[in-house]
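# Tertiary structure, described
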Amino acid sequence: MPIHTRAYVGTLIGYVYSLGQFLLAGLAYAVPHWRHLQLLVSAPFFAFFIYSWCVEPGVGGRATEPRGFQETGPLPELGTHPTPEFFIESARWYSSSGRLDLTLKALQRVAQINGKQEEGAKLSMEVLRTSLQKELTMGKSQASAMELLRCPTLRRLFLCLSMLWFATSFAYYGLVMDLQNFGVSIYLIQVIFGAVDLPAKFVCFLIINSLGRRPAQMASLLLAGICILVNGVIPQDQTIVRTSLAVLGKGCLAASFNCIFLYTSELYPTVIRQTGLGMGSMMARVGSIVSPLVSMTAELYPTIPLFIYGAVPVIASAATALLPETLGQPLPDTVQDLKGRRRGKRRQQQQEQQKQMVPLRTSAQKNGL
C-alpha cells in the first residue's frame, strides 16, 4: 500500500474483526448448543481455503508496494475491474529476490486488472532494470528466520515486537475469555465488547496518522493495562464500574492489535517482512495459549489474574520506546536501510521517499517508450 493509505486500510481491515464479534454474539444466541455453534463458525473456513487458491499460477502471497512506481504511477489502485484472480504477488518483493522475470509478469497482471494494458505492454526487462537498480543490486540476499536473532538490528526489533505481540494477545484473551465473571449476560457483553472497537480503533487511527505509530502503540497498551489493574481493586458487587473498565481495556487492546499489525509491517525490511510478521503473530498465539492458564491462579486469590493481565501490557509498553517511528517513512528493503534509519539519515530517507513517488511512465519515457 502507498504510504498515505496504510493507516486507512489497516483500520478498515481491523473493523472486520469487530464485525465478526457482532456476528458471533448473534449466532451464539441463536444457536445455543456449543457443538452446533462450533460447526457453524468453522464451516466457512473451507470456502475461504478454496478462495485463497483463486490466484494466477506463479503469482500470489505477500503485499508490499513496488519501489519507485506504486505510489503515484499511472497504474491506479487494485480492484477497479473485476477479475477471478484476487491475490497478486508483490512486484517489489520479487525484485528484492532478484526475480526480474516474475516482477515483469506481476506488474503486467496489475496493469491488466486495472484496464491499463497499454502501460503494461510498454514494460520490458530494460525498463525494470533502470527503475529497480537498488533492488537488483541487493537481489538474492534473502534473510532467513535465524537472521532475526543473528543480526543485532533485527534482534532488537524482534525482541521488542515479540513483547508487544505477546502482551496484547495475552491481556486481550484474558478479558474476552472471562465474560461470565462480569455479572452481565455473556451475549450482551459480547456485543458491547464489539461495539467499543468502533470508537477505540477510530481514535487509534487518528493518533497513528497524526502523532505516529509509536505513541499509539504505547498509549493503547499502557491504558489497557491500567484499566485492568484498576479493575482488580474494584469490589465484585460494582458490576457497572467493572464492566465499564473491562470494556475500555478491551477497546484499547483492540486498538493495539490494529496498530501492531501496521507497525510491524513497516519496521521489518522487505527481505524478511513476512517472516517477521509471522513470528510476531506466533508470539501472539503463545500469549493466547498462556492466558487461560493464568486464570487458574484465581484459586489462590480471586484478583491475581487481573493483576497479571494488567501488569504485562504495562511492562510491555516500555519496549515501544526502543522502536523507531515509521510515520511517513518509506518501507525499508534491507537491514542496511534499517541502520540508516537509526542513524538519522534524513536526507537519504527523503531521497528514498521521493524515489517511491516517481511515476512508472516517466521511467518508460526515459527509455524511449
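Here, every reference points to the structure presented above.
Reference entry: report on the structure contained in this document. As the structure is a prediction and not an experimental result, all values here were calculated from the model.

## What about a nonpolar patch on the surface?
A cluster of nonpolar side chains, namely Leu222, Ile226, Val230, Val233 and Phe307, defines an oily patch on the protein surface of about 390 Å² accessible area. Counting residues per element, the nonpolar patch draws most heavily on helix α13 (residues 213-231), at 3 residues. Looking at the element boundaries, Phe307 is found in helix α16 (residues 304-317). When its relative accessible area of 33% is taken as the criterion, Phe307 is described as partly exposed.

## Digging into helix α14 (residues 239-267)
For α14, which comprises 29 residues, the first-to-last C-alpha distance of 41 Å matches the rise-based estimate of 42 Å (1.5 Å per residue) to within 8%. Of all 29 residues making up α14, 22 are buried, and the element is well covered by its neighbours.

## What about the side chain of Ser18?
If you trace the backbone, Ser18 turns up in helix α1 (residues 6-30). Taking relative accessible area as the criterion, Ser18 reaches 1% and is therefore assigned buried. Within the local environment of Ser18, its side chain forms a polar contact with the side chain of Asp197, the two groups lying 3.0 Å apart. Apart from residues no more than four positions distant in its own chain, Ser18 is found in contact with Gly194, Asp197, Leu198 and Lys201.

## Focus on the nonpolar core
Grouped together as the largest cluster of nonpolar side chains are 41 residues, with contacts concentrated most on Leu154, Leu161, Leu253, Tyr268 and Leu323. Of all elements in the fold, only α10 (152-176), α11 (186-195), α13, α14, α15 (273-294), α16 and α17 (335-342) reach the threshold of two or more residues within this core. At 12 residues, the largest contribution of residues to this core is made by α10. Setting aside chain neighbours within four positions, we find Leu154 in contact with Glu147, Leu148, Tyr268, Pro269, Ile272, Val335 and Leu338. Counting 12 residues, the second largest nonpolar core, distinct from the first, contains Ala91, Tyr94, Leu100 and Leu132.

## Quick look at the environment of Thr153
In this structure, Thr153 sits in helix α10. Take Thr153: its relative accessible area is 7%, and that puts it in the buried class. Between the C-alpha atoms of Thr153 and Lys339, which are 186 residues apart in sequence, the distance is 7.2 Å.

## Observations concerning the packing of aromatic side chains
Throughout the structure, instances matching the rule amount to 9 aromatic pairs. Here the aromatic rings of Tyr29 and Tyr187 are separated by 5.4 Å at their centres, their planes lie at 85 degrees, and the arrangement is edge-to-face. Remark: Tyr187 occurs in helix α11 and Tyr29 occurs in helix α1; sequence separation between them is 158 residues. Take Tyr187: its relative accessible area is 29%, and that puts it in the partly exposed class. Between Trp165 and Phe261, the ring centres sit 4.9 Å apart and the planes meet at 85 degrees, which makes this aromatic pair edge-to-face. Of this pair, Trp165 sits in helix α10 while Phe261 is found in helix α14, placing the two residues 96 residues apart along the sequence.

About the criteria used
Residues numbered from 1 in each chain as written. Predicted model: local features only at pLDDT ≥ 70, side-chain atom pairs only at ≥ 80, totals over all residues. Heavy atoms only, no water. Patch = residues over 30% accessible without salt bridge, like charges linked within 9 Å, V, L, I, M, F, W, Y side chains within 5 Å. Areas by Shrake-Rupley, 256 points an atom, 1.4 Å probe, with all protein chains shown as cover. Salt bridge = Lys/Arg side-chain N within 4 Å of Asp/Glu carboxyl O. Helix = DSSP H or I, 4+ residues; strand = E, 2+ residues; numbered from the N terminus. Buried < 20%, exposed > 50% of the residue type's maximum accessible area, 1.4 Å probe, protein only. Expected span 1.5 Å × (residues − 1). Polar contact = N/O pair within 3.5 Å; in protein donor to acceptor, adjacent residues only side chain to side chain. Contact = heavy atoms within 4.5 Å. Core = buried A, V, L, I, M, F, W, Y, C linked by side-chain atoms within 4.5 Å. Phe/Tyr/Trp six-rings, centres within 6.5 Å; stacked < 30°, edge-to-face > 60°.

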